[in-house]
Amino acid sequence: MKSMTGFASQRGGLADEGPPRGWLWEMRSVNGRGRDLRLRLPETMAGLEAVVRPALEARIARGSVTLTLRLDDAGAAMPALDPAALADALDALARIDAQAAARGLACAPLDTVALLSQRGISAARGPDAAADGRQQALQKALAQDLPALLDAFDAMRRSEGAALAAVLAAQVDRVAELVAAARGVLDDRSAAIAAAHRAALARVADAVPVEETRIAQELAQMAVRLDVAEELDRLEAHCAAARALLAEDAPVGRRLDFLCQEFNREANTLCTKAQYLELTRIGLDLKAVIDQMREQIQNVE
């Protein structure tokens, strides 16, 4: 079993003939109804997504996962200036300053950074053969670094999943104990319900005579209407199904979530039919344990 929450990070670097390049992978996940993969990769590594996404899909079945790659700026190509575009921009600024001065207005000092950010004045240098080779080598190194990151991420999720499995197993055992306790009070419950029914009939027997056969029929109908054997049988079957799911080496979060709904349905019916204080108490305890199970299951992949 794996938890849907996890975190892993990994640093790496590439040293060849050019300036060294370093990177940092960070991967984190939280609960989610389905699988939501969010990749935050540098624009210069656009081709890396075709490698990263399938690798994540092969490892992750459920959860909201964010994978971030940060590259250092060592060896990044400096922008190249377009002399003609720069001259045109400076001429335009000079004309603006002249017209402003003629009207007695003062312009703000030239902002070099703002000037360089103007479209067409600067642009990234086109890659030469050496730079293109280094880029491919970097992308290959990043792809080779990914499995170790996924292994660390998977190990954390498995560790948390083992703890979740232990908690859920204990809760399933508690449900089974409460079902056994419910079976143990059924005879006393039947006797108490029959006694209460006879006492109610006795209070009106003087005004409205009631035949003994009629009383027996009423008690039989009530016994059928309030019978909880099927609910207890289904709860036991759900416990067996839950233990089987906990033993699987596969994502079981969705199936456990559905099974928990079935647990809750039977517990609600048991409380509705109880008509006996001790059985009602057991039913409420069942609902409390099942609600705790549901909260834990929300973390299971």
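Just so it is clear, the model here is predicted, and its values are computed rather than measured.

Visitor: Tell me about the overall build of the protein, and please be specific about residues and values.
Guide: Check the secondary structure of the protein and you find nine helices and six strands. Across the 301 residues that make up the protein, the buried fraction comes to 33%. Sequence-distant contacts, at least 24 apart, represent 80% of the contacts inside the protein between residues at least 6 apart. Working note: accessible area of the protein is about 17500 Å², and carbon and sulfur atoms make up 55% of it.

Visitor: Go over the pattern of salt bridges with me, naming the residues and quoting the values.
Guide: The tally for this structure, following the rule as stated, stands at 24 salt bridges. Across the pair Arg70 and Glu26 runs a salt bridge, and its minimum N-O distance is 3.0 Å. Linking Arg70 in strand S4 (residues 63-71) with Glu26 in strand S2 (residues 21-30), this pair joins segments that are 44 residues apart in sequence. Classification of Arg70 by relative accessible area gives partly exposed; the value is 43%. With its nearest N and O atoms 2.7 Å apart, the salt bridge here joins Glu301 to Arg157. Residue Glu301 is found in the segment after helix H9 (277-297), and its partner Arg157 is found in helix H4 (residues 129-184); the two are separated by 144 residues along the sequence. The pair formed by Glu301 and Arg157 is uniform in burial state, with each residue classed as buried.

Visitor: Which residues make up the packing of helix H7 (residues 229-246) against helix H8 (residues 253-273), and what values do they have?
Guide: How two helices pack is summed up by the angle between their axes together with the distance between the axes. With their axes 10 Å apart at the nearest point, H7 and H8 run at an angle of 160° to one another. The angle between H7 and H8 places the two elements in the roughly antiparallel class. Every pair of crossing elements has a handedness; the one defined by H7 and H8 is left-handed. For the pair H7 and H8, the contacting residues are Glu231, Leu232, Arg234, Leu235, His238, Cys239, Ala241, Ala242, Leu245 and Leu246 in the first and Arg255, Leu256, Leu259, Glu262, Phe263, Glu266, Thr269, Leu270 and Lys273 in the second. Looking at the contact of H7 with H8 residue by residue, the classes come out as 11 nonpolar, two polar and six charged.

Visitor: Please provide a residue-by-residue account of the packing of H8 against H9, values included.
Guide: Orientation of H8 relative to H9, taken along the N-to-C sense of each, is 165°, at an axis distance of 9 Å. When the axes of H8 and H9 are compared, the pair comes out roughly antiparallel. Seen from above, H8 lies across H9 with left-handed handedness. Judged by residue contacts, Gly253, Leu256, Asp257, Cys260, Phe263, Asn264, Ala267, Asn268, Leu270 and Cys271 of H8 engage Leu279, Thr280, Gly283, Leu284, Leu286, Lys287, Ile290, Met293, Arg294 and Ile297 from H9. Taken together, the residues that form the contact of H8 with H9 break down as 12 nonpolar, five polar and three charged.

Visitor: Pulling in residues and values, what's your account of the sheet that holds strand S1 (residues 6-14)?
Guide: Taking strand neighbours across the sheet as the criterion, the four strands line up as S1-S2-S4-S3 in an open arrangement whose pairing is mixed. Where the open sheet ends on each side, the last strands, each with one partner, are S1 and strand S3 (35-40). Taking the axes of each pair of neighbouring strands and ignoring which way they run, one obtains an average angle of 10° across the sheet. Here S1 pairs with S2 via nine bridges, running antiparallel.

Visitor: Quick rundown of unusual backbone geometry? Include the residues and the values.
Guide: A positive phi angle, close to 55°, is found at Gln275, a residue other than glycine. By secondary structure assignment, the location of Gln275 is in the loop between H8 and H9.

Visitor: Lay out the environment of Arg158 with the relevant residues and their values.
Guide: Here Arg158 lies in helix H4. Relative accessible area serves as the criterion here: at 39%, Arg158 is assigned to the partly exposed category. With 156 residues separating them in the primary sequence, Arg158 and Lys2 have C-alpha atoms 4.5 Å apart. Among all residues touching Arg158, those that are not within four sequence positions of it are Met1, Lys2 and Asp249.

Thresholds, definitions, all that
- Residues numbered from 1 in each chain as written.
- Predicted model: local features only at pLDDT ≥ 70, side-chain atom pairs only at ≥ 80, totals over all residues.
- Heavy atoms only, no water.
- Helix = DSSP H or I, 4+ residues; strand = E, 2+ residues; numbered from the N terminus.
- Buried < 20%, exposed > 50% of the residue type's maximum accessible area, 1.4 Å probe, protein only.
- Contact = heavy atoms within 4.5 Å.
- Areas by Shrake-Rupley, 256 points an atom, 1.4 Å probe, with all protein chains shown as cover.
- Salt bridge = Lys/Arg side-chain N within 4 Å of Asp/Glu carboxyl O.
- Axes fitted to C-alpha atoms, helices over the stretch in contact; angles between N-to-C directions.
- Parallel < 35°, antiparallel > 145°, perpendicular 65-115°, else oblique.
- Left-handed = near helix turned anticlockwise from the far one by under 90°.
- Nonpolar A, V, L, I, M, F, W, Y, C, P; charged D, E, K, R; others polar.
- Pairing = 2+ DSSP bridges.

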